[in-house]
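Geometric and topological summary
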Amino acid sequence: MIETINISTSYAEEFRDITSLVEEKVKISGIKEGMVTVFVQHTTAAVTINENADSSVVEDILSTLDKIIPPRGNYSHAEGNSHAHIKSSLIGSSRQIIIQNGKLKLGTWQGIYFCEFDGPRRREIWLKINS
Amino acid sequence: MIETINISTSYAEEFRDITSLVEEKVKISGIKEGMVTVFVQHTTAAVTINENADSSVVEDILSTLDKIIPPRGNYSHAEGNSHAHIKSSLIGSSRQIIIQNGKLKLGTWQGIYFCEFDGPRRREIWLKINS
Amino acid sequence: MIETINISTSYAEEFRDITSLVEEKVKISGIKEGMVTVFVQHTTAAVTINENADSSVVEDILSTLDKIIPPRGNYSHAEGNSHAHIKSSLIGSSRQIIIQNGKLKLGTWQGIYFCEFDGPRRREIWLKINS
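One structure accompanies this document, and this report is about it.

What counts, and where the lines are drawn
- Residues numbered from 1 in each chain as written.
- Chains lettered and ligands numbered in written order.
- Predicted model: local features only at pLDDT ≥ 70, side-chain atom pairs only at ≥ 80, totals over all residues.
- Heavy atoms only, no water.
- Helix = DSSP H or I, 4+ residues; strand = E, 2+ residues; numbered from the N terminus.
- Buried < 20%, exposed > 50% of the residue type's maximum accessible area, 1.4 Å probe, protein only.
- Contact = heavy atoms within 4.5 Å.
- Buried area = accessible area lost by both parts, 1.4 Å probe.
- Salt bridge = Lys/Arg side-chain N within 4 Å of Asp/Glu carboxyl O.
- Polar contact = N/O pair within 3.5 Å; in protein donor to acceptor, adjacent residues only side chain to side chain.
- Pairing = 2+ DSSP bridges.
- Axes fitted to C-alpha atoms, helices over the stretch in contact; angles between N-to-C directions.
- Parallel < 35°, antiparallel > 145°, perpendicular 65-115°, else oblique.
- Nonpolar A, V, L, I, M, F, W, Y, C, P; charged D, E, K, R; others polar.
- 1 Å grid on protein atoms, 1.4 Å probe; cavity = no way out; pocket = protein on both sides within 12 Å on 5 of 7 lines; lining within 4 Å.
- Points joined across faces, edges and corners; volume = space filled by probe spheres on them.

Once that is clear, we can look at the overall build of chain A. The secondary structure content of chain A amounts to three helices and eight strands. Reading chain A from its N terminus to its C terminus gives the helix and strand order β-β-α-β-β-α-α-β-β-β-β. Referenced to the eigenvectors of the C-alpha coordinate spread, the extents of chain A come out at roughly 50 × 30 × 20 Å. The buried share among the 131 residues of chain A stands at 63%.

In this section: the interface of chain C and chain A. In this assembly, 30 residues from chain C lie in contact with 28 residues from chain A. Buried area between chain C and chain A, summed over both chains or domains, comes out near 2,400 Å², and the portion from carbon and sulfur atoms is 56%. Joining chain C to chain A, the criterion identifies zero salt bridges. Run the count over chain C and chain A and you get 11 residue pairs in polar contact (both at pLDDT 80 or more). Elements with a minimum of two residues in the side of chain C that touches chain A: strand S3 (34-40), strand S4 (45-51), helix H2 (56-68), helix H3 (82-91) and strand S5 (94-100) of chain C. Considering every element that reaches the side of chain C that touches chain A, the biggest residue donor is H2 of chain C, with eight residues.

This part takes up the sheet that holds strand S7 (residues 110-116) of chain A. Residues and elements named next belong to chain A. Pairing in this open sheet of three strands is antiparallel, and the strands run S2-S7-S4 from one edge to the other. What marks the edges here is a single partner per strand, and that holds for strand S2 (14-17) and strand S4 (45-51). Mean inter-strand twist for the sheet, computed between neighbouring axes without regard to direction, equals 35°. In the sheet, S2 pairs with S7 via four bridges, with the strands oriented antiparallel. If you follow aspartate 17 over to S7, its bridge partner there is tyrosine 113.

Put simply, helix H3 (residues 82-91) of chain A and H2 of chain C touch, their axes get as near as 9 Å, and they point 70° apart. Judged by the angle between their axes, H3 of chain A and H2 of chain C are roughly perpendicular. From H3 of chain A, Ser82, His85, Ile86, Ser89 and Leu90 of chain A reach across to H2 of chain C, where they touch Val57, Asp60, Ile61, Thr64 and Leu65 of chain C. Tallied by class, the residues present in the contact of H3 of chain A with H2 of chain C amount to five nonpolar, four polar and one charged.

With that out of the way, let us pick up the layout of surface pockets. With a probe scaled to a water molecule rolled over the atoms, the places where space remains empty come into view. Its volume calculated, the largest pocket comes out at about 380 Å³. As for the largest pocket, its lining consists of 20 residues, and the residues nearest its centre are Asn130 of chain A, Met35 and Asn130 of chain B together with Met35 and Asn130 of chain C. Class assignment for the residues of the lining of the largest pocket results in three nonpolar, 14 polar and three charged.

All names here are of chain C. Looking at where glutamate 116 falls in the secondary structure, it is placed in strand S7 (residues 110-116). According to the relative accessible area criterion, glutamate 116 is buried, its value standing at 0%. Sequence separation between glutamate 116 and arginine 72 is 44 residues; the distance between their C-alpha atoms is 17 Å. Residues in contact with glutamate 116, not counting those within four places in the same chain, are Thr9, Tyr11, Ala12, Glu13, Glu14, Thr44, Arg121 and Arg123. Only 2.8 Å separates the side chain of glutamate 116 from the side chain of threonine 9, close enough to count as a polar contact.

The quantities given are spatial measurements derived from coordinates; they are silent on function.
Rendered as structure tokens:
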């Protein structure tokens, strides 16, 4: 079963909490025990799991990534978004979350974040839900 | 089938080889052909696969991560562990390993490491084992 | 079902597009709806998904990784390939791709890349294909 999540990001770089959107799709699937794979079909975005309580955490991730991989660096790729491609490969384009009793089994402080590195844009995320 | 591994880390930052612990749980599961997903339910820790022979490799990973993402950097998050959250997203919170003939199918030099970035602490790792 | 892909890399560091090789194995498997896990069994290599159109993107990823994690840095590991081990853990040793209608379900610009960080060498990649 493949589900699609569509979002519109608001900024050039942004971490968007998509936990409730993933949870909703898992609920619709009716699968009680299994696994959901969250797959980002873009090459200048990614998905990660990190703290959902204090938003300064994801701000620190974004600003530190910008220090390590500056948006305006000396890159070959002519489109000016090489930094976004590099961040995409470092963070990764998919994550797996266990489904238990029809719900996402996440740690207390864990949220699922769509990582926008070259926005704002319309983005599409694919979910594969398996029992 | 979900299994839990509990460990207590000993240092602020540490790579702990959990291969034999994962292998034991796979054995108990009785599943001969399939996949195990190792999922870390914390946001200041991670899981990776790397060399199991020379411990200087994981020491180099830890010390290089500290150079790139200093523990005492200029971060917003007030708890002082932003570096650990950032490393968690860079290394990632889950890994998949193939099960073949009831055993983990790993390369000769591969071990599974729990990555502690904000210890020492009690930590819990979840395994989803599927045929 | 486990399949093996054998490749020989040509350079010390290189991103090799293996999308068509993975696709061929999925076709042979006969599985129409499912998931393929691409698993790299080496500790100085990795697998990622990134842009398949302009090769300057993967060149930028490689050169930026070399700036962050220099091949000739101050490392403990005596074999001189610590940088390759570190990059392996940052990019990761496995990726999952959805199979739909017998084909890899990838974004328009997405290709699967084997990441060589300590070549040239013969390398082996394992695929676990599940319905």
